[in-house]
Protein chains: 2
Amino acid sequence: MSELPPYWLRDNCPCAECRDPRNGQKLFQINDLPDELTIAAGTELDGNLEVLWSDGHRSRYPLEWLTAERDGDGRTEADKRLWVAADFRRGVPEADWETYLGDPAEQAAVLAAVRRSGFAVLRGVPALERQVLRVAESFGYVRVTNYGELFDVRVEPDPNNLAFTSAAIAPHTDNPYRDPVPTLQLLHCLENSATGGDSGLVDGFRAAAILRAESPADFAVLTRTPVPFVFRDRRTELRADRPLIEVDGLGRIREVRFNNRSIGTLRGSAEELTAFYAAYRRFAAITLRPELQLAFRLDRGDCLVFDNTRLLHARTAFRQDGGRHLQGCYADLDSLASTLTVLHRRTAALDAIAELFAGEGAGEYLGEAVTMAEHMLQAAAAAEAAGAPEHLVAAALLHDVGHFHGALHGRDLMEGQDNRHSDTGADWLAQWFGPEVTEPVRLHVAAKRYLCAVEPGYRERLSEASEYTLAVQGGPMDDRQAAAFAELPGAADAVAVRRWDEQAKVAGAATPGFDHFRPLLAALMN
Amino acid sequence: MSELPPYWLRDNCPCAECRDPRNGQKLFQINDLPDELTIAAGTELDGNLEVLWSDGHRSRYPLEWLTAERDGDGRTEADKRLWVAADFRRGVPEADWETYLGDPAEQAAVLAAVRRSGFAVLRGVPALERQVLRVAESFGYVRVTNYGELFDVRVEPDPNNLAFTSAAIAPHTDNPYRDPVPTLQLLHCLENSATGGDSGLVDGFRAAAILRAESPADFAVLTRTPVPFVFRDRRTELRADRPLIEVDGLGRIREVRFNNRSIGTLRGSAEELTAFYAAYRRFAAITLRPELQLAFRLDRGDCLVFDNTRLLHARTAFRQDGGRHLQGCYADLDSLASTLTVLHRRTAALDAIAELFAGEGAGEYLGEAVTMAEHMLQAAAAAEAAGAPEHLVAAALLHDVGHFHGALHGRDLMEGQDNRHSDTGADWLAQWFGPEVTEPVRLHVAAKRYLCAVEPGYRERLSEASEYTLAVQGGPMDDRQAAAFAELPGAADAVAVRRWDEQAKVAGAATPGFDHFRPLLAALMN
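Note that the coordinates shown come from a computational prediction; the quantities given were computed from them, not determined experimentally.

Let's talk about the relation of the copies chain B and chain A
Overlay of chain B on chain A (RMSD 0.1 Å): rotation 180°, translation along the axis 0.0 Å. These values place the two chain copies in the arrangement generated by a two-fold rotation axis. A share of 100% of the interface residues of chain B reappears at the interface of chain A, consistent with the copies meeting face to face through the same patch.

Spelled out as structure tokens, the structure:
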């Protein structure tokens, strides 16, 4: 422990005073920490390191956090699967559009392919104008450029770009003259009945890695030479000075820009220019090696999504014997990665909830005749039978989840403490669900106190255990409390959940299992 | 010349075979050039270097191009004015919104300030919802993020970000967890009647330059350490591993990211972590030096535009004794720079055209009784008097500009050659004007041949010189030619221009000068 750097450790203090639990954002500035900060005392306890700081602050770090490995943001070669064309002999990463839309696992697989391999193809995307924007919005935000919100790739009478002719286009990245460059490109095929006009992809990271292996000096030249990329038309004049190969601070390949059409005049000494052009030509020759060329054809309804910081894309020439029309747009990798991470997080959350029902949930429920899982499934089934909207079925299903996750356990409640399980549960669920689900959960205990106050005969219907906890929870509301409760936005929903809650204590009643409700929960997480 | 690197020189061949004259994009790939390429012969002639290549290609390079200095894309410290707060003692870069909209010079000054100093304030922007998007669209494109197309900065009941509270916010850059980071931020004040809530800016490039001067080793640590920036809420989980200070391949400061709230867990050896945190704290302390803090207040209608890759922005705490509401959005520097360059280009073009009228235009006009300038001004005045739309006034004003710029001169035409001055002029004007201006110019010679064919008595009205050139230009059209001409989209406009052309040969007629027409031309360049 003595070798733990104090400022690093303290900067990562996870306590609620140092870090907003909702978003993980820190609540202090690095210079708020005192000079000469030291660890006054450190103790390992229950899988945590407990630290007392020289300024009196206390922190607790899970030991597994302390020893975690370095990971990455997924953008360097370290997190990629570098490829050659033969790696896709059995097909490219692809999915059906409708399946992608309906199945989070399929969507995650597509987005993961773009992250890992740099591309994926969606098949069966309706061949409609502007549909490519819908594809982009399924995982992120469209990046508008001088070409517009989207661009049409077809033969134009007076093209401002080679793309809008029928000529072949050698492997390149797009918009290198933009900084920030659009990091993702989408190409959606509306028609391709021309002879030729096939698509090609090259893994630019692989090409760069080959250059590094074969000629480290050339690789180094390309990483340190800012190259002026330029584009000019009547309304636009763009320039970005960026290296052909960008590496991060640890030397890992992170971005490739490659587009001879757009390279302006590089300036430097004769030696620098000679070295650059030799390295550039060597790199260009590598990108043209046959084993790196992945060729395929985009047909009507196919949408190619690819990493424009990594993959070079190409097109064979075509004869104007049939129509060829693609629509394209740009988007960015950061939002795609966010969408993928959130999809994984939601799957993990659903798995965790399922595990609660199967594990801890099979245990006794505060002296009732049913288990916790049976109780919550019965409540959800009652909500469903009543034709309740999905968010209330979910709230009924999850209303007691705080019993699993509270700092105190149900037993403590039975022993006379208020464990605030409704708040605990609602806060935990708020990581994935909106207030339409979490607020009825938060208010379901208050709803019991409310109903006992305002509805004659309600209290008599409480189970013995529930009557017992009512006292712990504060007893029936007084008139002022009840009036205030009735004003809350989620009050009516909470009352509905509470009624299903009371009904859901029938020993041996048959209900659907947790899996029945899982798709409903998944949909509510959006 | 022997020391000119051959591939560098050839890659920059400006001939129309190598480079698309419309957009400067190259028409060949670097590997299309042969191995062992050499300069077979080189000669200096008329201010050019003429090169014969070993593969038989010929190139011509202006000598002034050969010896031009290295310039930049405007994004590194080399192209900035690094500042301390006292540099703005007499006020920050600012402009009135209406003036900015109406005057290209004022707009250029504002955008240049953002490029050079990192920020500018527009005053008197209507305090309307979504108006900030209009400001962004005046020079570029809005970048959508998880906060939406725009975001409201005001106190929120359940904020997912410190921005949406009344707390003070220390100097920071926004969205460091995005890659690409939004490079520009706009903050538009709709209301600021709270006590406090003032704005602050710090030049992050200046702070980084100070760190480099005071502690080069710390500076180096910060440039080479990828720092994990993270953000997480219910629908978002972003991460970007980027250095706090990014330098280009030549070691020049290019980007600063600074936001302790968003720094996740950095991993590395104890030495690395200790070195990083020492450097980080030293840099953070520099950003807080009083002389770097530029403080000002945004009032209702003010819109701050600033470089989010360079400036740190801050806010003092405020009392909720009055409303405070900003709307913000993100955009990107590349489009802002493009807009600025095009504004400069247009100003230079108008200056060049004005110079033509004043200089070469004062010369004789092919044997007519008026100078070229008088002739074109008379044509424009006739169009204006006829109530013609602006694009036709411009076409009338500029219809003979090809006489100045053709490869052949008017004298050659009089000697029996067709100098195609209408095409030359139209192509030259197409750098700045759309087809509504250029096509009537292109067709104005054809329109004479057309009118002589179809309109009885027209030919008799031609001046002596125009009658002479008619023969050189092909004589009156035959029926087929006339029918084809009448079908062209710009035919009617060209005929209108032609009629003003014929009228515009009156010795000594008074007309407005070129300056009268300049605003009209400027507006048509948009």
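Having put the structure on the table, let's press on.
Some words on the interface of chain B and chain A
Tallying the contact residues gives 99 residues for chain B and 99 residues for chain A. Counting the surface lost from both chain B and chain A, the interface buries some 8400 Å², and carbon and sulfur atoms represent 43% of this. When the area that chain B buries against chain A is broken down by residue, the three leading residues are Arg-234, Arg-267 and Arg-281 of chain B, summing to 11%. At the boundary of chain B with chain A, the tally comes to 14 salt bridges. Across the pair Arg-75 of chain A and Asp-179 of chain B runs a salt bridge, and its minimum N-O distance is 3.5 Å. Here chain B is connected to chain A by 65 residue pairs in polar contact (both at pLDDT 80 or more). Only α1 (6-11), α2 (63-66), β11 (227-233), β12 (236-242), α8 (270-287) and α9 (333-358) of chain B provide two or more residues apiece to the side of chain B that touches chain A. By residue number, the principal contributor to the side of chain B that touches chain A is α8 of chain B, which donates nine residues. Classifying every residue of the side of chain B that touches chain A by side-chain character gives 38 nonpolar, 26 polar and 35 charged.

What about the packing of aromatic side chains?
Per the counting criterion, the structure on display carries 38 aromatic pairs over all chains. Put simply, the rings of Tyr-147, Phe-151, Tyr-177, Phe-231 and Tyr-330 of chain A pair up and form one aromatic cluster. For Arg-212 of chain A, the ring lying beneath its charged end belongs to Phe-219 of chain A, and the centroid distance is 5.2 Å. The positively charged end of Arg-267 of chain A is found above the aromatic ring belonging to Trp-65 of chain B, 5.0 Å away from the centroid.

Focus on the sheet that holds strand β8 (residues 184-192) of chain A
All names here are of chain A. Spatially, the six strands line up as an open sheet ordered β4-β5-β16-β8-β19-β6, and their pairing is mixed. The sheet is open, and its two edges are formed by β4 (94-96) and β6 (151-153), each paired on a single side. On average, each strand axis in the sheet is inclined to that of its neighbour by 25°, with strand direction left out of account. In this sheet, strand β19 (residues 324-331) lies alongside β8 in antiparallel orientation, the contact comprising eight bridges. Within β19, the position partnered with Leu-184 by the bridge is Ala-331.

Some details on the sheet that holds strand β17 (residues 311-315) of chain A
All names here are of chain A. Sheet architecture is open: four strands sit in the order β7-β17-β10-β15, paired in antiparallel fashion. If you trace the sheet from one side to the other, it starts and ends with β7 (169-172) and β15 (294-296), each paired once. Sheet twist, expressed as the mean angle between neighbouring strand axes with direction ignored, is 20°. Direction of pairing for strand β10 (residues 199-203) relative to β15: antiparallel, over a ladder of three bridges. Counterpart to Leu-201 in the pairing with β15 is Leu-294. Helix-sheet contacts for helix α6 (residues 204-214) involve β10 and β17, and the interaxial angle to β10 is about 45°.

Describing the pattern of salt bridges
Per the counting criterion, the structure on display carries 76 salt bridges over all chains. Between Asp-241 of chain A and Arg-239 of chain A there is a salt bridge, and its shortest N-O distance comes to 2.9 Å. Asp-241 of chain A sits in the buried class, given a relative accessible area of 7%. Under the relative-accessibility criterion, Arg-239 of chain A is labelled partly exposed at 26%. Among the charged side chains, a network of salt bridges with common partners joins Asp-73, Arg-75, Asp-179, Arg-242, Glu-246 and Arg-254 of chain A together with Asp-73, Arg-75, Asp-179, Arg-242, Glu-246 and Arg-254 of chain B.

Focus on the domain arrangement of chain A
Split into domains, chain A comes out as domain 1 (6-66), domain 2 (95-339) and domain 3 (363-524). Domain 2 of chain A and domain 3 of chain A are separated by 53 Å when their C-alpha centres are compared.

Structural notes on the packing of helix α6 (residues 204-214) of chain B against α8 of chain B
Residue and element names in this part refer to chain B. Two numbers describe how α6 lies on α8: the axes approach to 9 Å, and their chain directions differ by 130°. Between α6 and α8, the interaxial angle falls into the category oblique. For α6 against α8, the interelement crossing comes out right-handed. Residues Gly-204, Ala-207, Ala-208, Ile-210, Leu-211 and Glu-214 of α6 pack against Arg-282, Phe-283, Ile-286 and Thr-287 of α8. Of the residues belonging to the contact of α6 with α8, the class tally is six nonpolar, two polar and two charged.

Remarks on the side chain of Gln-327 of chain A
Inspection of the secondary structure assignment puts Gln-327 of chain A in strand β19. Gln-327 of chain A gets classed as buried once you look at its relative accessible area, which sits at 1%.

A closer look at the pairing of β8 of chain A
All names here are of chain A. Where burial is concerned, most of β8 is hidden: eight out of the nine residues are buried. Pairing of β8 with strand β16 (residues 303-307) involves five bridges; the strand directions are antiparallel. Bridging from a neighbouring strand, Leu-187 pairs with Leu-304 of β16.

Quick notes on the environment of Tyr-61 of chain A
Residues and elements named next belong to chain A. Position of Tyr-61 among the secondary structure elements: in strand β3 (residues 58-62). Remark: the alpha-carbon pair of Tyr-61 and Leu-49, spanning 12 residues in sequence, is separated by 5.1 Å. If we skip the residues at most four places from it in the chain, Tyr-61 touches Leu-9, Arg-10, Asn-12, Cys-13, Pro-14, Gly-47, Asn-48, Leu-49, Val-51, Trp-53 and Leu-66. For Tyr-61, the side chain forms a polar contact with the side chain of Ser-59, separated by 3.4 Å.

Conventions adopted
Residues numbered from 1 in each chain as written. Chains lettered and ligands numbered in written order. Predicted model: local features only at pLDDT ≥ 70, side-chain atom pairs only at ≥ 80, totals over all residues. Heavy atoms only, no water. Least-squares fit on C-alpha atoms with pLDDT ≥ 70 in both. Contact = heavy atoms within 4.5 Å. Buried area = accessible area lost by both parts, 1.4 Å probe. Salt bridge = Lys/Arg side-chain N within 4 Å of Asp/Glu carboxyl O. Polar contact = N/O pair within 3.5 Å; in protein donor to acceptor, adjacent residues only side chain to side chain. Helix = DSSP H or I, 4+ residues; strand = E, 2+ residues; numbered from the N terminus. Nonpolar A, V, L, I, M, F, W, Y, C, P; charged D, E, K, R; others polar. Phe/Tyr/Trp six-rings, centres within 6.5 Å; stacked < 30°, edge-to-face > 60°. Lys NZ or Arg CZ within 6 Å of the ring centre and 35° of its normal. Pairing = 2+ DSSP bridges. Axes fitted to C-alpha atoms, helices over the stretch in contact; angles between N-to-C directions. Buried < 20%, exposed > 50% of the residue type's maximum accessible area, 1.4 Å probe, protein only. Domains from an automatic or database assignment. Parallel < 35°, antiparallel > 145°, perpendicular 65-115°, else oblique. Left-handed = near helix turned anticlockwise from the far one by under 90°.

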